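# Results of the structural survey
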Amino acid sequence: MKLKEVKGLKFVEGGVCAANGFRANGICCGLRHQALADAPELDIQANAAAKRKNDLALIVADKECTAAAVYTTNKVKGAPIQVTKEHIKDGTAKAVIVNSVNANTCNADGVEKAEKMCALAAAELGIDENDIIVASTGVIGQILPIEPIADGMKALAEGLAYDGNSRAVEAIMTTDTMPKEAAVQFEMGGKTCTMGGMLKGSGMIHPNMATTLTFITTDADISAELLQRALSDIVKITLNRVSVDGDTSTNDMVCVLASGTAENKPVTKENKDFAIFENALYGLMMNLARMMARDGEGATKLIECVVSGADTEKTAEIVAKSVITSSLFKAAMYGEDANWGRILCAVGYADADFDISNVAVSISSDKGAVEVCKNGSGVDFSEEKAKEILGEEVIDIIISIGDGSGTAAAWGCDLTYDYVKINGDYRS
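Attention in this report is confined to the structure presented alongside it. (Residues numbered from 1 in each chain as written. Predicted model: local features only at pLDDT ≥ 70, side-chain atom pairs only at ≥ 80, totals over all residues. Heavy atoms only, no water.)

Moving on, we get to the overall build of the chain. From N to C terminus, the chain includes 13 helices and 15 strands. Counting across all 428 residues of the chain, residues that qualify as buried make up 56%. For the chain, the accessible surface area stands at approximately 17,200 Å², while carbon and sulfur atoms represent 48% of it. (Helix = DSSP H or I, 4+ residues; strand = E, 2+ residues; numbered from the N terminus. Buried < 20%, exposed > 50% of the residue type's maximum accessible area, 1.4 Å probe, protein only. Areas by Shrake-Rupley, 256 points an atom, 1.4 Å probe, with all protein chains shown as cover.)

This is the structure:
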């Protein structure tokens, strides 16, 4: 899927290794063996392929970084979140250790296992375990076996490389069908700065922070306080506006490490450079959010809903989210059916005040655009043209609800038969 351009940013390769001074690696330590041990009836080829997939990743900075994170709002939180919060309360970190397959959530020994993961990584890296961010993703409620992680840690650390991003991103994937990573360069404080990130997320995705595991690295020099402010700001207009299925995960986390090795003038107050940094963070996270929506479990299409004309941005956001979370609308998109009534229905039950008689709706893609609703009522349009438009991979739903200045975008995907198939046997 093509990346969406943002003014002032240049896309580059490298993901979390794009920024100066960051190494990464991913290995298969054997957690998948544990998950499949009690499922011998599974297809032999699928079983063998799953066992070969990377399941443990490490990201390491050459120097101490300022650090910031945002976490799930689910009352049930994975043990790694508790440990990470403690480790970065001083606003610094140097490494990230993360596993897939097992979420390490709702386990009596969860915190102990998360701390052990940090200790194992710290011993191999020769750093303080309190400088390590830890994360897990996968099945909830199963004991995390620490032995495969301990056995694989030496190889994981020895394989760290400045181009190891692809191995790392594979290791965090669960039901993801494609790796999700991106990187941007931007000018700030008289220097060229780079920011890169990787994300996992395909199901249990709903706009209620943070929707995913996302790891971002940058060589920009910015204070921990402003790094946290920027992350908290940008999460609200990117990852918090994605929905696949209405479920918010227990392990969601977004973290950023900033090394300062670009040697830009340090960003210590909300000035022009801070705005430039936020723009870079937006461009990166917005594109990662779009990738996640496109790779929703079973999805065939990315849907971007843009609402304008609202009295406030918040009103526009509420309406856009209402549309992209509608199961009926999502099913219509899968069927390439321009059933605009489902869009208007979702607009109408959005918890916001506006005059429905002012609503206009258009659908568009690379194949063109058609208006399907004006002044709250249907208009004549070509069903054949609409179907052609909806046959594309990326669909835009453009909605105006008045003449206000409030605008917001939200991202979702179509709802297919495969979503039920994937989640019907997720644990296997």
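Picking up after the structure, the text goes on.
Here we come to the environment of Y282. In this structure, Y282 sits in helix α8 (residues 272-294). The spatial distance from the C-alpha of Y282 to the C-alpha of V6 is 8.7 Å, given a sequence separation of 276 residues. Dropping the residues within four chain positions of it, Y282 is found in contact with V6, I234, I237 and T238. (Contact = heavy atoms within 4.5 Å.)

Here the focus is the nonpolar core. With 42 residues, the main nonpolar core has F186, M195, F277 and M285 as its most contacted residues. Among the elements of the structure, β3 (56-71), β6 (180-188), β7 (191-200), α7 (224-236), β9 (253-258), α8 and β15 (406-413) are those that each provide at least two residues to this core. The leading source of residues in this core is α8, at twelve residues. Once residues lying within four places of it in the same chain are set aside, the contact partners of F186 are G8, L9, K191, T192, C193, T194, M195, T218, I276, F277 and A280. Of all hydrophobic cores here, the second largest spans 34 residues; its members include I303, V372, I389 and I397. (Core = buried A, V, L, I, M, F, W, Y, C linked by side-chain atoms within 4.5 Å.)

Looking at chain direction, strand β1 (residues 10-11) and β6 are connected through two bridges and run antiparallel. Directly across from F11, in β6, lies its bridge partner V184. Bridging between β6 and β7 involves nine bridges; their strand directions are antiparallel. Bridge assignment links Q185 to a residue of β7, and that residue is T194. Between β6 and β7, which pair antiparallel in sequence order, lie two residues; one of them, G189, sits at a positive phi of approximately 60°. (Pairing = 2+ DSSP bridges.)

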